[in-house]
Amino acid sequence: MADIFDMREADFEAVVRLNDDVVQQTSAMDLERLLELHSLPGYHRVASVNGRVAAFLLAMRETAPYRNENFEWFASRYRRFVYVDRIVVRSEFAGKGIGASLYRDLFDFARMNGLRMVVCEYNIEPPNLPSRTFHDKFGFREVGRQRAAEGIKLVSLQRVDI
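A. Representation of helix α1 (residues 12-21). Of all the residues in α1, the buried ones are F12, A14, V15, V16, L18 and N19. On its buried face, α1 is in contact with α2 (31-38), β2 (42-49), β3 (52-61) and β4 (82-89).

See the structure below:
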């Protein structure tokens with residue numbers, strides 16, 4: 001089973017490399033970008049297996065000064081939420097419940113902070129079927145769609161009430 005804890009500076013290099021492995025489904029994130037995201041109010045946690053980063057989840061509070069077209073879509077419609085910017089699980093740990101453990105931990109974080117809504121998006125074009133299946137299991141539902149990344153991606157904007 002994975003240990004889940006707050007992301008530390010010692011984890012940053014592994015997080016950036018892990019993000020690079022799936023950059024087509026997320027978005028680019030170098031160390032400078034990770035430092036910027038990590039400075040925003042929210043949930044920044046890693047799952048570790050045998051001392052090795054197996055997964056991470058970056059989520060921002062609705063109060064974060066985050067410049068991101070998908071975050072801004074939600075902020076223009078909802079007053080209180082936590083926005084999942086990205087969740088990444090190392091391929092060798094896929095299907096072992098680590099992503100689900102991070103989401104349960106995120107939901108606990110949201111409840112402890114008086115938030116009852118978690119929002120995210122996943123790609124429809126190019127398709128990200130694993131993300132769709134994963135989010136469906138948690139009861140996320142589509143509340144909108146928009147073009148992102150200068151029109152390259154079509155995303156499904158999702159929410160779940162917890």
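Text resumes after the structure shown.
B. Seen up close, the packing of aromatic side chains. Counting across every chain of the model gives 15 aromatic pairs. Here Y103 and F134 contribute two aromatic rings whose centre-to-centre distance is 5.0 Å and whose plane-to-plane angle is 70 degrees, an arrangement assigned as edge-to-face. With Y103 in helix α4 (residues 98-112) and F134 in helix α5 (residues 129-137), this pair connects stretches of sequence that are 31 residues apart. There is no split in this pair, since Y103 and F134 are both buried. An aromatic cluster is built from Y66, F71, W73, F74, Y78, F81 and Y83, whose rings are joined through pairwise contacts.

C. Looking closely at the environment of Y103. On the accessibility criterion, Y103 (0% relative accessible area) is buried. For the pair formed by Y103 and H135, sequence separation is 32 residues and the distance between their alpha carbons is 9.7 Å. Not counting residues up to four positions away in its chain, the partners in contact with Y103 are L57, V84, I87, C120, F134, H135, F138 and F140.

D. Fine view of the pattern of salt bridges. Per the stated rule, a full pass over the model turns up 13 salt bridges. Salt-bridge contacts for R61 lead to E62; the nearest nitrogen and oxygen are separated by 3.3 Å. The class of R61 is buried, set by a relative accessible area of 15%. In this structure, D85 engages R86 in a salt bridge whose closest nitrogen and oxygen atoms are separated by 2.8 Å. For R86, a relative accessible area of 3% gives the class buried.

Procedures and definitions
- Residues numbered from 1 in each chain as written.
- Predicted model: local features only at pLDDT ≥ 70, side-chain atom pairs only at ≥ 80, totals over all residues.
- Heavy atoms only, no water.
- Buried < 20%, exposed > 50% of the residue type's maximum accessible area, 1.4 Å probe, protein only.
- Helix = DSSP H or I, 4+ residues; strand = E, 2+ residues; numbered from the N terminus.
- Contact = heavy atoms within 4.5 Å.
- Phe/Tyr/Trp six-rings, centres within 6.5 Å; stacked < 30°, edge-to-face > 60°.
- Salt bridge = Lys/Arg side-chain N within 4 Å of Asp/Glu carboxyl O.

Geometric values such as these leave the question of function open.
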